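# Coordinate analysis (summary)
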Amino acid sequence: MHRVHRIVRAIEGLIVAAVIGTVALVSRAIDATIGLVGRLSDRFDAKLADLARDSKARHRREGRRQIDPISLD
């Protein structure tokens, strides 16, 4: 009976370790995904800022008036 109890406790320990490992792995994957999305967002923002600068410069060169995005004037 004592052996069965030790085997059951060992199996429980393995199950707990597997669950903890799985949770840690999923947490790490989520952290990596958040980091990747953050870097991609920063790159996207930088590209949009470059496009906006180029657009403003082109409008100035062509003598076109900029539209105010708030009042649309």
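See the structure printed just above.
### Re the overall build of the protein chain
- Across its full length, the protein chain holds one helix and zero strands.
- For 73 residues, the compact-globule estimate of 2.2 N^0.38 gives 11 Å, and the protein chain exceeds it by more than 25% at 29 Å.
- Along the three orthogonal principal directions, the C-alpha set of the protein chain runs to about 90 × 20 × 5 Å.
- Out of the 73 residues in the protein chain, the part that is buried amounts to 1%.
- Roughly 6,900 Å² of accessible area belongs to the protein chain as shown, and the carbon and sulfur atoms make up 65% of that amount.
- Placing the 14 positive and 9 negative side-chain charges of the protein chain at their respective mean positions leaves the two points 9 Å apart.

### Examining helix 1 (residues 2-62)
- Given a rise of 1.5 Å per residue, 61 residues ought to cover 90 Å, and the 89 Å separating the end C-alpha atoms of helix 1 matches this to within 8%.
- Following helix 1 by one or two positions, Gly63 adopts a phi angle in the positive range, close to 75°.

### A closer look at the pattern of salt bridges
- Counted according to the given criterion, the structure contains two salt bridges.
- In this structure, Asp50 engages Arg53 in a salt bridge whose closest nitrogen and oxygen atoms are separated by 2.3 Å. Taken together, the residues span about one helical turn, with Asp50 and Arg53 both in helix 1 at a distance of three residues.
- Judged by its relative accessible area of 38%, Asp50 falls in the partly exposed class.
- Among the salt bridges present, the one from Glu62 reaches Arg64, with a minimum N-O distance of 3.2 Å.
- For Glu62, a relative accessible area of 48% gives the class partly exposed.
- Classification of Arg64 by relative accessible area gives partly exposed; the value is 45%.

### Digging into the environment of Arg53
- The exposure class of Arg53 is exposed, given its relative accessible area of 51%.
- Through-space distance from the C-alpha of Arg53 to that of Arg65 is 15 Å; in sequence the pair is twelve residues apart.
- Here the side chain of Arg53 touches Asp50 through a polar contact of 2.3 Å, side chain to side chain.

The rules we used
- Residue numbering note: each chain is counted from 1, following its sequence as written.
- Restriction of local features to residues with pLDDT of at least 70 applies here, the model being predicted, together with a cutoff of 80 or more for giving and counting side-chain atom pairs; totals for whole chains, interfaces and linings are based on all residues.
- To get the side-chain values, take all heavy atoms of the structure and skip hydrogens and water.
- Secondary structure elements are taken from DSSP: a helix is a run of H or I of four residues or more, a strand is a run of E of two residues or more, and numbering for both begins at the N terminus.
- Put simply, the radius of gyration uses C-alpha atoms, and a globule should come to 2.2 Å times the residue count raised to 0.38.
- Burial classes follow relative accessibility: with a 1.4 Å probe on protein chains only, a residue under 20% of its type's maximum area counts as buried, one over 50% as exposed, and anything between as partly exposed.
- Only the protein chains shown count as covering a residue, and every accessible area follows the Shrake-Rupley method with a 1.4 Å probe.
- Positive charges are assigned to Lys and Arg, negative charges to Asp and Glu, while His and the chain termini are left out of the count.
- Positions of charges follow a simple convention, taking NZ of Lys, CZ of Arg, CG of Asp or CD of Glu.
- Expected span, for any helix, means 1.5 Å times one less than how many residues it has.
- Whenever Lys or Arg places a side-chain nitrogen within 4 Å of a carboxyl oxygen from Asp or Glu, that contact is recorded as a salt bridge.
- By the criterion applied in these results, polar contacts are pairs of N or O atoms within 3.5 Å in which, for protein atoms, one can donate a hydrogen and the other can accept it, and in which residues neighboring in sequence qualify only through two side-chain atoms.

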